[in-house]
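Next come the chains, spelled out residue by residue.
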Amino acid sequence: MKRFWLLFLLPLCIWCSPSKGLAQESGRFRIRIPYLEENGKLIVTAFVNGVPGRFIVDTGAPCCVSHSFAAKAGIRDEGRTAQGVDSNGAAVSTSVVNIPSLKLDSVFTFTRLQAMKWAEGDMLENLHIDGVIGYNLLKQGILKLDARTGSMTFTNYDGGLGIDYTRAIPMLPDTYLTMLRVQLKDGACDTVMFDSGAKSFYELSTKSFSRLRTVSKALEVKGAGQGVLSLGAAGLEGKSQKYRVVIPQFKLGNFLFEEVTSVTTDAVDSRIGSDLLRYGTVIADYRSNVFYFIPYDNRKKLNLYEKDWDVVITVMDDHLCAGLVWDYAGLPLHGGERIVAVNGVRYDKVDLYEAITRGLIHLPGDKARIVYIGEDGKEHEVTIRKR
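Computed from a prediction, not measured in an experiment: that's the story for all the values here.

Cut-offs applied
- Residues numbered from 1 in each chain as written.
- Predicted model: local features only at pLDDT ≥ 70, side-chain atom pairs only at ≥ 80, totals over all residues.
- Heavy atoms only, no water.
- Phe/Tyr/Trp six-rings, centres within 6.5 Å; stacked < 30°, edge-to-face > 60°.
- Buried < 20%, exposed > 50% of the residue type's maximum accessible area, 1.4 Å probe, protein only.
- Helix = DSSP H or I, 4+ residues; strand = E, 2+ residues; numbered from the N terminus.
- Pairing = 2+ DSSP bridges.
- Axes fitted to C-alpha atoms, helices over the stretch in contact; angles between N-to-C directions.
- Salt bridge = Lys/Arg side-chain N within 4 Å of Asp/Glu carboxyl O.

1. Brief notes about the packing of aromatic side chains
Next, step 1: For the structure shown, the criterion picks out 20 aromatic pairs.
Next, step 2: Relative to Phe110, the ring of Phe108 has its centre 4.9 Å away and its plane inclined at 65°; by these criteria the two rings are edge-to-face. The residues Phe108 and Phe110 share a single accessibility class, namely buried.
Next, step 3: With a centroid separation of 6.4 Å and an interplanar angle of 10°, the aromatic rings of Trp326 and Tyr328 are classed as stacked.

2. Points about the environment of Asp195
Next, step 1: Checked against the element boundaries, Asp195 lands in the loop between strand 16 (189–194) and helix 4 (206–212).
Next, step 2: Given a relative accessible area of 0%, Asp195 falls into the buried group.
Next, step 3: Once the C-alpha coordinates of Asp195 and Leu177 are considered, the two residues, 18 residues apart in sequence, prove to be 8.4 Å apart.

3. Regarding the sheet that holds strand 23 (residues 280–285)
Next, step 1: Read from one edge of the open sheet, six strands run 3-13-12-23-24-14, paired in antiparallel fashion. Strands with a single pairing partner mark the edges of an open sheet, and in this sheet they are strand 3 (30–34) and strand 14 (168–170). Within the sheet, the average angular offset between the axes of one strand and its neighbour, ignoring direction, is 15°.
Next, step 2: The pairing of strand 23 with strand 24 (residues 290–295) spans six bridges and is antiparallel. Residue Val282 lies in a different strand from strand 24, and its bridge partner there is Phe293.

4. What about the pattern of salt bridges?
Next, step 1: Applying the stated criterion across every chain yields a total of 19 salt bridges.
Next, step 2: Arg299 serves as the salt-bridge partner of Asp297, at 2.9 Å between the closest nitrogen and oxygen.
Next, step 3: In this structure, Asp366 and Lys307 form a salt bridge, with 2.8 Å as the shortest nitrogen-oxygen distance. Residue Asp366 is found in the loop between strand 30 (362–363) and strand 31 (367–373), and its partner Lys307 is found in the loop between strand 25 (301–303) and strand 26 (311–316); the two are separated by 59 residues along the sequence.
Next, step 4: One network of salt bridges, in which partners are shared, links Lys199, Asp275, Arg278 and Glu306.

Honestly, it's all geometry; don't read function into it.
Written as structure tokens, this is what we have:
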């Protein structure tokens, strides 16, 4: 059985500039804890003022807490705000709070940690997410993510981490984000953020797409379409032009990925998401500004080509909808139509949490029948393909 692609981008990427306010217990520390992977999101248990919560490990966002969890943990609103942009580049304003105590294990305590507090009723509350372990904490040390063991290690010394120093990749200067340069075909390159809060292996920013498409062999455009694919902290992105592209060569350090498929994003930067962990261990040494991608086996290259459905299905307002329709499909849909059935199964209402964490639609093969509501208000049935 192959999984039908439901594309979600959670509102985790809020790039702000919170002031420093983190104190650590003295001495060396090493924290190794398990994480739970839910549709590309890495979930850990954190204890804030002794109260346990479900937190996402997100290198592309500052530390955050939800409105309800802040109340439960006794975190007071101090009346300060911060400005930033969400994962789609839209402006957001959020409260700034101080976390007196945060623990990731039973031993080590971080104190006076600054965090952003989401607005009351934020969508993430419905997804049972209490907050984010973000860059203003992670930048204090070294982060290791290993999907083979489902574990996260956070430490301030590199001994015993199993680092292969031949895999070192210099981080580009940035106060908060994990920025890297990747090499593409014909001498082209892209600047990408390693964003563990995003899922896709590679999301090409529209800014980089406009530049790279002038390089004859850096990418191949497979299709285009108008649509809405992602949610950010400011809400649904506006309908915009998207492109489906194939990157013939994508070199991260000295490892080569071939035929990488990507859909363009309106985000500020291109990014590499947690799907990278399917192929190797990631170590981000923020103290030395070095990033390591250590493949799980001895292969020197991997082909990552993936087929995509003619219609990219998303969830909006508790319903399935055609988030994007690729132009090469020649379908009568234009994007935004509500989808009420897939292969004979009705979907009158969709639980967003279940859709994201457990997967909603599983389809065999490369062909499916969907029923959608057209502009005339009537139901219409079409065949979609994966190609």
